[in-house]
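Breakdown of the fold
These are the residues of each chain, in order.
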Amino acid sequence: MKAAPAILLFVALPHVMSGEGLWRNIGDTYRLNNDGLEVVVDAAKSGRVMELNYNGVPLLTSSDADARFYGSTLWISPQASFWPEDSVFDSVEYSATVAGHGLTLESPSGKNGIKVSKEYRLLDGGVTGLSVRYTLTNMSDSVLSFAPWSVLRVPCGVTYFPADGNEIKTSDGAENFAVTGNSCVRIDQTAIDSEKAWKIFSSGKNGWLAHKQDSVMLIVCYPDIDPDEVPAGQGEVEVFGATEGRYVELETHGRYKTLNPGENMTYSMLWIATPCQKINQ
């Protein structure tokens, strides 16, 4: 299993497109269709990505899997300090602006004084996917410390991330879910029959994880950080499995930072979709 070289190639290729807009909206819902990629974003639900499909394969779960936890969203961590999550991250209405191939959504200030901006932009250069950029601004009069926390909820499949030097931790009952190969940790959720939720924590390595769903590989590229920059009690990479295989969460945490009033932080990612046969597994 030598997925890493192929994935690193993808990281180097894409750039952001500009030009005539591809996003179309009906009310609060914004939709993009391009080269087999279908994206649906709901401004009324905090700019949540409701659908991400490639060549007809759904890469994110819908509300049919769980009425609350579905699609892709942004939270802040550590979870012990910010749970339950502020509604600004999941359920309030954002303003939306379409410019070129980009969709930008802006939140009001949340209860903690944090304002959120989300930008989704189509990639080019022979790579199908999105550039995702989150900006978190401290609008309060107080100093705030937190980290960005990206959550993609996907159907059960097979998840990979680099194994080189990673520290792997598991929740109770998940000890045997992650199998380490020569270069990758492999988590086959299709073989997991669990009545309990489970979670796997990793210190992260090289800034990518990938999820195989049917005939498609979803590659998530994120900013790699040092272990001492990860928020307390979290992993740079986390894979969560809901009970009875309803959905899996691909989670990454950004750098834990302190923001003075008026300061912001950004968290940029690439979501790349490719047929599985292009990955040397």
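Residues numbered from 1 in each chain as written. Predicted model: local features only at pLDDT ≥ 70, side-chain atom pairs only at ≥ 80, totals over all residues. Heavy atoms only, no water.

Taken across its 7 residues, strand β5 (residues 48-54) has 6 buried, putting it largely inside the fold. Connecting the antiparallel pair strand β4 (residues 37-42) and β5 is a turn made up of 5 residues, with Ser46 showing a positive phi of about 60°. What sits between β5 and strand β6 (residues 57-58) in their antiparallel hairpin is a turn of 2 residues, with Asn55 showing a positive phi close to 50°. (Buried < 20%, exposed > 50% of the residue type's maximum accessible area, 1.4 Å probe, protein only. Helix = DSSP H or I, 4+ residues; strand = E, 2+ residues; numbered from the N terminus. Pairing = 2+ DSSP bridges.)

Moving on: the layout of surface pockets. A volume near 160 Å³ is recorded for the largest pocket. If you trace the largest pocket, you find it lined by Glu167, Lys169, Phe201, Ser202, Ser203, Pro227, Val230, Gln234, Gly235 and Glu236. Looking at the lining of the largest pocket residue by residue, the class counts come to 3 nonpolar, 4 polar and 3 charged. (1 Å grid on protein atoms, 1.4 Å probe; cavity = no way out; pocket = protein on both sides within 12 Å on 5 of 7 lines; lining within 4 Å. Points joined across faces, edges and corners; volume = space filled by probe spheres on them. Nonpolar A, V, L, I, M, F, W, Y, C, P; charged D, E, K, R; others polar.)

In this section: the packing of aromatic side chains. In total, this model carries 8 aromatic pairs according to the counting rule given. The interplanar angle of 25° and the centroid separation of 6.5 Å between the aromatic rings of Phe69 and Trp83 together place this pair among those described as stacked. In this pair, Phe69 sits in the loop between β6 and β7 (72-77) while Trp83 sits in the loop between α2 (79-82) and β8 (95-99), placing the two residues 14 residues apart along the sequence. Centre to centre, the rings of Tyr120 and Trp271 are 6.5 Å apart; their planes meet at 45°, and the pair counts as tilted. Remark: Trp271 occurs in strand β23 (residues 264-275) and Tyr120 occurs in strand β10 (residues 114-124); sequence separation between them is 151 residues. According to the relative accessible area criterion, Trp271 is buried, its value standing at 2%. Connected via pairs of aromatic rings, a cluster forms that spans Phe69, Trp75, Trp83 and Trp149. For Arg48, the ring lying beneath its charged end belongs to Tyr70, and the centroid distance is 4.3 Å. (Phe/Tyr/Trp six-rings, centres within 6.5 Å; stacked < 30°, edge-to-face > 60°. Lys NZ or Arg CZ within 6 Å of the ring centre and 35° of its normal.)

Just distances and angles here, no functional claims.
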